[in-house]
Amino acid sequence: MYFSKMPIGLKYTKKHTVMVRNILKHSYRIFVKQKGYAIINIFGLTVGIASSLIIALFVIYELSYDTFNDKKDRIYQLVLNFKMNGPEVKSSSTCMPAGPTMLKEFPEVEDMCRVNIWNKTVVKSKEQSFTEKAFALADSTFFNIFSVKLILGDKRTVLDAPHKMVLSKSTATKFFGREDPIGKTLQVSTDTIPYTITGVMEDVPRTSHFDANIIGSLTTSPKINSTYWTSSHFNTYILLKPNANPSHIDTMLGELVKTHVGGELKQYLGISFEDFHSKGNIYRLYLQPLTNIHLNPEVQQAVKAPNNPKYLWIFGSVAILIILIASINYMNLSTAQSSKRAKEIGFKKVCGSSKGMLIGQFIAESILLSFISLLIAIVIVKLSLPLLNNILQLNLELNLFGSWVTIPSLIILSMLIGFIAGSYPAFYLSSFSPNAVLKGIFKNSSKSWRFRNVMVVLQFTISIMFITGTIIMFRQINFMQNKDLGFSKEHLIVIDRANAIGDRMKTFKETIGKIPDVVNVSASTDVPFQSGKKISLKIEGRENEPTLVTVAFIDYDFFKTFGMKFSAGRSFDETHATDKDGCILNESAVKQLSITSPLTTRIVDPYSDIKKPNYSPIIGVVSDFHFESFNYAIKPYMFLLKKHDVWNSVSIRLSPSASGNTINEIEKVWKDFTANDPMQFNFMDKYFEQVIKEEKQRASLAILFTLVVIFIALLGLFGLTSFTVEQRTKEIGVRKAMGATVPNLFILISKEIVFHICISTLIAWPIVYFISRNWLQNYSYRIHLSLFDFFIGFIVAIAIALITISNHVIKAARVNPSDSLRYE
């Protein structure tokens, strides 16, 4: 707040207290006198501040991932950077021996922990069973590295032997209520040996890059003693000693990989490590800081997909633009009302008020309004967060007393917004000449009109950017939702954990097939939109050119069940005995492997002895289908017939007339075959919804903030039009007396708004085009920008603006001319 008579270095005195009190009293009187415009300003600032608070909470939430760990600055995730005759991949899945070898050979490494996150897993007690979505196996060092508090148990021993487990507090309550769970046992999946509960931990914070409701001991895994460096299934975390240099570790990792991976490349692919890299291939391990994981989309994670930090910049920019629009509203309405305050300013100057004192008064008024808006905004945010969290599936919270900086930061924000919004009106109003205003010859200067016009154009520019950008975003999401996936996702359910059926799959399929409205049944190890196993594929005669492909083992009914089409050859057929040794590739695999005649080509059986390899003929080429996010181009895929009767998934094609009774019948058959295990299933279109979930969340945010921007801009336009009509009342009366009709008067007043929107459109279009084009580059499959997208944004802006001003203009145009001419 500005005090013109407070010398620098002097203490705050009673005189200054009186000055502040007088300013507040006067601000209150002004608010009461001009309450209509003050309320509009408060509404605009309130909505702007509330929206910016929500964005700030979202950004803080995203930046807070993994910061709860006390040793976060010393914890690193091991990342595999891999490429083999195909696209480059960066993944958090690494090999089993890497962590222990680093701990043994690198003196800078203090500790390490490997974590294996499972998919949905059935966990049973004697009384009940649950499907757990966050089951993990981890080394006994887990609680030494991560700051997840143990409520019960000793962190050194809770996971130090096979078949031990730690439950989260909420999971322990779910299974055992208030009973002490220590020493009790639970059955996990199909494991015949029960796990003993040795500890209870606090729930893993939602701002962790992985979820874990139950953590079992990694020594339970049969892969615990694996020595293969080219088999990657586990997340590895490294705790460095204080002051250790991670760049030096990365350098040493290069030599470590060369030593251990080089031998396996020679053994399995028949080429040296140097030859492998000389052909443009990559096999590298490096460290990624723990706090970088959530905002690094380059690295594929096992559980939670990372977010793109670009969106934090975008949302941060949105918050600034919203505050800017709200501030512009205040400036426009304050300067527009200048004639109403001219005499007040003139009297104050005659009575001795300096320009500095008047500036202080006007800025104090804007800060007061901003502070009132802040208080209302906090209430709005508090009330709306549960709804927003439900829509966006987030866990945002506004904790005013969680940190000592929160309230001071909000106060500073309020003062800053008040200062920005009130600065121009303060300097403009304080510049009035007392002689002119007291003689009644004051007029709004052309300078103030130009300023308001520029601000209105800026408001509409931002609004049109938001409208057009949201239209483009929705077109892209609609494109993804309706794009041909290469298979039919409708009326298709997928049952997980099919291994629970054991070796009775054939009988299970036959029983399910007899249920009315069941069209087809298929078993497989993987289905689209689930992570598949990746192997190296080699062509006969080109054994030294391996390519990484995703592989799925299927039965004879898979392609019929999914409705996939073939571009060459055929599907697997039971009547062809040799098909059990054949394979089917997708079009991308044929293209990437440069196969010119696929039906006369054989691949090296990836599961045969490398010294005496078997060869598998390609019997068909299936048309490309999407099996992961639209962010990625379709990659090579291979299908093989499964030769033993243990599966991961059962896919069932239903008729369009199928009802809930059909699902119930399927579930009864499942329980008969699995001793009452809960059936975990989902419709394929729900799996697809998960793939585009983040895009839909961002679209929801885009709609919300577009509506906010439009609301604030139109709120200002409403107030400005009201004032303009009021100022032109006599003119409207004269024109009506001269024969002007209501449509003539509507066009007269609205044409200025339309002109402003046209200028705003010309400014907004190139900006939106540049931003949208760069955003669409994130998708390998995307829409093409068209003039229609931009034209619709312009039409929407025109329509909303005209609807907003129509009430004021038409109402003024219908007033009796004699009443208008008597208006003062």
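### Some points on the overall build of the protein
The secondary structure content of the protein amounts to 23 helices and 25 strands. Within the protein, the fraction of its 824 residues that count as buried is 50%. Here the analysis covers contacts within the protein between residues at least 6 apart in sequence; of these, 79% occur between residues at least 24 apart. Accessible surface, the protein as shown: approximately 38600 Å² in total, 59% of it carbon and sulfur.

### Quick notes on helix α20 (residues 729-737)
Along α20, the residues classified as buried are Thr729, Ile732 and Gly733. One face of α20 carries all of its buried residues, which in axial projection span an arc of 100°. With its phi angle positive at about 110°, glycine 739 sits one or two positions after the end of α20.

### What to know about the packing of α20 against helix α21 (residues 742-776)
Closest axis-to-axis distance for the α20/α21 pair is 10 Å, and the angle between their directions is 145°. With respect to the hand of their crossing, α20 and α21 are arranged in right-handed fashion. Residues Glu731, Ile732, Arg735 and Lys736 of α20 touch α21, and the partners they reach there are Leu745, Leu748 and Ile749. Within the contact of α20 with α21, the residues separate by chemical class into four nonpolar, no polar and three charged.

### Section: a nonpolar patch on the surface
On the surface, Phe371, Leu375, Phe401, Ile407, Ile411 and Met415 cluster together into a nonpolar patch covering about 560 Å² of accessible area. Those elements giving two or more residues to the nonpolar patch turn out to be α10 (355-392) and α11 (406-429). Tallying contributions element by element places α11 first for the nonpolar patch, with three residues. Among the secondary structure elements, isoleucine 407 is positioned in helix α11.

### Topic: the packing of aromatic side chains
Under the definition given, this model contains 35 aromatic pairs. On the basis of an interplanar angle of 45° and a centroid distance of 6.3 Å, the ring pair of phenylalanine 210 and tyrosine 237 is categorised as tilted. Here phenylalanine 210 is found in the loop between β11 (195-201) and β12 (214-217), whereas its partner tyrosine 237 is found in strand β13 (residues 232-240), with 27 residues between them in sequence. We classify tyrosine 237 as buried; its relative accessible area is 1%. Pairing phenylalanine 529 with phenylalanine 688 gives two aromatic rings, centres 5.7 Å apart and planes at 50°, and the pair type is tilted. Of this pair, phenylalanine 529 sits in the loop between β16 (518-524) and β17 (533-539) while phenylalanine 688 sits in helix α18 (residues 684-691); the two residues are 159 residues apart in sequence, bridging distant segments of the chain. Its relative accessible area of 1% is what places phenylalanine 688 among the buried residues. A cation over a ring is seen here: lysine 174 above phenylalanine 130, with NZ or CZ 4.8 Å from the ring centre. When the ring centre of tryptophan 647 is taken as origin, the NZ or CZ atom of lysine 642, which lies over that ring, is 5.8 Å away.

### Some points on the nonpolar core
Across soluble globular proteins, nonpolar side chains show a tendency to be buried alongside one another. Counting 115 residues, the largest nonpolar core has Phe559, Phe639, Met684 and Ile757 as its most contacted members. Looking at which element gives the most residues to this core, the answer is helix α19 (residues 693-727), with 14 residues. Residue contacts for phenylalanine 639: discarding those within four places in its chain leaves Ala552, Ile554, Phe558, Phe559, Phe572, Cys583, Ile584, Val622 and Phe625. The next biggest cluster of nonpolar side chains, apart from the first, holds 27 residues, and it includes Tyr76, Phe106, Val261 and Phe273.

### Quick look at the side chain of glutamine 77
Looking at the secondary structure, you find glutamine 77 in strand β1 (residues 75-83). One polar contact links glutamine 77 to glutamine 301, side chain to side chain, over a distance of 3.0 Å. In this view, glutamine 77 contacts Ser92, His209, Asn235, Thr236, Tyr237, Tyr286, Leu287, Gln288, Ile293 and Gln301; residues no more than four positions away in its chain are not counted.

### Focus: the packing of helix α3 (residues 98-105) against helix α6 (residues 246-268)
With their axes 12 Å apart at the nearest point, α3 and α6 run at an angle of 120° to one another. On the basis of their axis angle, the class for α3 and α6 is oblique. As for the relative orientation of α3 and α6, their crossing is right-handed in sense. Here Thr101, Met102 and Glu105 of α3 come into contact with α6, specifically with Ile249, Leu253, Leu256 and His260. Here the contact of α3 with α6 is built from residues that sort into four nonpolar, two polar and one charged.

### Digging into the pattern of salt bridges
Enumeration according to the criterion identifies 17 salt bridges in this entry. Aspartate 160 is the partner of lysine 164 in a salt bridge, and the nearest nitrogen-oxygen pair spans 2.6 Å. Between glutamate 540 and arginine 602 there is a salt bridge whose closest N-O contact spans 2.8 Å. Here arginine 602 lies in strand β21 (residues 602-604) and glutamate 540 lies in the loop between β17 and β18 (542-554), a separation of 62 residues in the sequence. In this structure arginine 602 comes out as partly exposed when scored by relative accessible area, which is 34%. Each of the salt bridges in this network shares a partner with another, and the network as a whole consists of Lys509, Asp555 and Asp557.

Definitions and cut-offs
- For every chain, the first residue of the written sequence is number 1, and numbering continues from 1 along that sequence.
- Side-chain atom pairs in this predicted model are given and counted only at pLDDT of 80 or more, local residue features only at pLDDT of at least 70, and totals for whole chains, interfaces and linings cover all residues.
- With hydrogens and water stripped out, all remaining heavy atoms of the structure feed into the side-chain values.
- Helix numbering and strand numbering both begin at the N terminus, where a helix is a DSSP run of H or I of at least 4 residues and a strand a DSSP run of E of at least 2.
- The cut-offs for exposure are 20% and 50% of the maximum accessible area for each residue type, with area from a 1.4 Å probe on protein chains only; residues under the lower value are buried, those over the upper are exposed, and the others partly exposed.
- Every residue pair with non-hydrogen atoms within 4.5 Å of one another is taken to be in contact.
- Residue exposure ignores everything except the shown protein chains as possible cover, and the areas themselves are Shrake-Rupley values with a 1.4 Å probe.
- Each direction from the helix axis to a C-beta atom contributes to the arc, which is the arc of those directions.
- Axis lines are fitted through C-alpha atoms, for helices just across the contact stretch, and the angle between N-to-C directions can take any value from 0 to 180 degrees.
- Helix crossings fall into two classes, left-handed where the near helix is turned counterclockwise from the far one by less than a right angle and right-handed where it is turned clockwise.
- Three classes are used, and their members are as follows: Ala, Val, Leu, Ile, Met, Phe, Trp, Tyr, Cys and Pro are nonpolar, Asp, Glu, Lys and Arg are charged, and the others, Gly among them, are polar.
- Without a salt bridge and with relative accessible area above 30%, a residue can belong to a patch; like charges are then joined within 9 Å and nonpolar side chains (Val, Leu, Ile, Met, Phe, Trp, Tyr) within 5 Å.
- By convention in these notes, a salt bridge is any Lys or Arg side-chain nitrogen within 4 Å of a carboxyl oxygen on Asp or Glu.
- Any pair of Phe, Tyr and Trp rings, taking the six-membered ring for Trp, is counted once the centres come within 6.5 Å. Such a pair is stacked with planes under 30 degrees apart, edge-to-face with planes over 60 apart, and tilted for the rest.
- The rule for a charge over a ring is simple: NZ of Lys or CZ of Arg within 6 Å of the ring centre, and within 35 degrees of the ring normal.
- To qualify as a nonpolar core, a set must consist of buried Ala, Val, Leu, Ile, Met, Phe, Trp, Tyr and Cys residues joined through side-chain atoms within 4.5 Å.
- Whenever two N or O atoms come within 3.5 Å, that pair is a polar contact, provided that in protein one can donate a hydrogen and the other can accept it, and provided that, for residues adjacent in sequence, both atoms are side-chain atoms.
- Note on terminology: angles under 35 degrees are roughly parallel, angles over 145 are roughly antiparallel, angles of 65 to 115 are roughly perpendicular, and the others are oblique.

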